[in-house]
Amino acid sequence: MTKRLLYLFTILLFAISINAQAGSGIFQFLNLPTGARQAAFGGTNITLYDDDLNFAFANPALLSEKTHNFLGLNYTNLFNDVNLGSAIYGRNFSDKDFMAFGIHYVDYGTFIETNEFNQELGTFTAKDMAITAMYCRWLSPRWTMGITMKPIFSFYERYFSSGLGFDLGFSYHNEKALFSAGLVLRNVGFQFNGYNSIDPNRKQELLPIDLQIAVSQKLPKAPLRFHLTLHNMQTWDLSYGLGNGVTDNMNGKTKAAIGADMFFRHTIWAVEILPHKNFYIVASYNHRRQKEMAIKDKRSIAGFALGAGFKAHKFNVGFSIVPYQTGSLGYNVTFSTNLSDFGIK
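Below or above, wherever it landed, is the structure these notes cover. (Residues numbered from 1 in each chain as written. Predicted model: local features only at pLDDT ≥ 70, side-chain atom pairs only at ≥ 80, totals over all residues. Heavy atoms only, no water.)

### Some points on the nonpolar core
- Of all hydrophobic cores here, the largest spans 16 residues; its most connected members are Phe27, Phe29, Leu30, Ile152 and Leu207.
- Those elements that place two or more of their residues in this core are strand 2 (82-92) and strand 13 (315-325).
- Residues in contact with phenylalanine 29, not counting those within four places in the same chain, are His104, Val106, Tyr108, Asp128, Met129, Ala130 and Ile152.
- Counting 12 residues, the second-largest nonpolar core is a separate cluster that includes Leu53, Ala56, Phe98 and Trp138. (Core = buried A, V, L, I, M, F, W, Y, C linked by side-chain atoms within 4.5 Å. Buried < 20%, exposed > 50% of the residue type's maximum accessible area, 1.4 Å probe, protein only. Helix = DSSP H or I, 4+ residues; strand = E, 2+ residues; numbered from the N terminus. Contact = heavy atoms within 4.5 Å.)

### As for the side chain of serine 64
- Turning to its location among the elements, serine 64 is positioned in the loop between helix 2 (36-40) and strand 1 (70-79).
- Those residues in contact with serine 64, other than ones at most four positions away along the chain, are Tyr49, Asp50, Asn92 and Phe98.

### Focus: the pattern of salt bridges
- With the rule as written, the count across this model stands at 11 salt bridges.
- As a salt-bridge pair, aspartate 261 and lysine 291 come within 3.7 Å of each other at their nearest N and O atoms. On the criterion of sequence distance, the pair formed by aspartate 261 in helix 3 (residues 255-265) and lysine 291 in helix 4 (residues 287-293) is long-range, its members being 30 residues apart.
- Since its relative accessible area comes to 7%, aspartate 261 is described here as buried. (Salt bridge = Lys/Arg side-chain N within 4 Å of Asp/Glu carboxyl O.)

### Considerations on a nonpolar patch on the surface
- A cluster of nonpolar side chains, contributed by Trp236, Phe263, Phe264 and Trp269, occupies part of the molecular surface with about 430 Å² of accessible area.
- Residue phenylalanine 263 is classed as partly exposed on the basis of its relative accessible area, which comes to 40%. (Patch = residues over 30% accessible without salt bridge, like charges linked within 9 Å, V, L, I, M, F, W, Y side chains within 5 Å. Areas by Shrake-Rupley, 256 points an atom, 1.4 Å probe, with all protein chains shown as cover.)

### Some remarks on the environment of threonine 337
- Positionally, threonine 337 belongs in strand 14 (residues 328-338).
- Sequence separation between threonine 337 and histidine 313 is 24 residues, and the spatial gap between their C-alpha atoms is 9.7 Å.
- The contact partners of threonine 337, leaving out residues within four places of it in the chain, are Asn69, Phe70, Leu71, Lys314, Phe315 and Phe342.
- Among the polar contacts made by the side chain of threonine 337, one reaches the main-chain carbonyl oxygen of lysine 314 at a distance of 2.7 Å. (Polar contact = N/O pair within 3.5 Å; in protein donor to acceptor, adjacent residues only side chain to side chain.)

### A short note on the packing of aromatic side chains
- Evaluation of the coordinates by the stated rule reveals 12 aromatic pairs.
- Seen in terms of ring centroids, phenylalanine 263 and phenylalanine 264 are 5.2 Å apart; in terms of plane orientation they differ by 75 degrees. Their pairing is edge-to-face.
- Aromatic side chains tyrosine 285 and phenylalanine 304 sit 4.8 Å apart centroid to centroid with 45 degrees between the ring planes, which places their arrangement in the tilted category. One end of the pair, tyrosine 285, is in strand 11 (residues 279-286); the other, phenylalanine 304, is in strand 12 (residues 304-312), and 19 residues separate them in sequence.
- The partly exposed category is assigned to tyrosine 285, whose relative accessible area is 21%.
- On the basis of relative accessible area, phenylalanine 304 is assigned to the partly exposed category, the value being 42%.
- Each member of the aromatic cluster is reached from another via a ring pair, and the members are Trp143, Tyr172 and Phe179. (Phe/Tyr/Trp six-rings, centres within 6.5 Å; stacked < 30°, edge-to-face > 60°.)

Shown next, in the form of structure tokens:
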């Protein structure tokens, strides 16, 4: 246990030493939520300890005896012709060793290819994909540790790039206190080739590292559970530079206001309503998304997300809506089931 924590501490020091500008790093699709419930939580949740296998995409330490033989399928329409899909299957090999295998991809649609004279030459597509293998093990009755390995592939027209990423996660679950916590270091890895067909001298880029810490607390006498997720803890400044020292939505603010705004950009707040064990409603607020996607001097509900799910017969069904901008909504649908209910062991 001590050695594992020392290894984790070393990795965290490495992550915190990286102070990149917001939005930097290759393969940004790795930060998109996989599943309706994840999207409803504002983009990520690393604490929920139940039979929703899709949360293992965010934190492999959430695999458990509850996720054995579960199959999850997800579809997301981000906007226009941009679609995201994922599939995951959980398999346990002992009472303390849990695994899952998955894949998720983003299809950016079909584009018209033209030359400098605006003459149409045909069409092309763009896609990103990651294959995942996850492993989780009990460290104690309340602690689990998990790791994910994910080969990454990117296809943009005739250009290609690939890489390899890893996630390292810890989960704490106290059922008596109705409290859960999680810690994840996501997307540690490297790019094998940097679209060399575009520029033979193009350097390899870092993956979008994300250090996340989160807590969840359910009320003992009310059907409510509250969640707080701190993300991108490896870097303080999450604003985008606009040149001449001006950053997005920061012009004219005092230092105190900028500091408070920057702190809240690291937070995602969510609340669940749990009237029945087979039904939930989720609402969340992602301050960073609101600041980045809101249109100046116009009202916007960017940053908010809403979702619900229920169990019908042998299937768990989830749906969520995420407003990215005014008139631009993302729709997410998830289906999952325990194959044991169909006689498949």
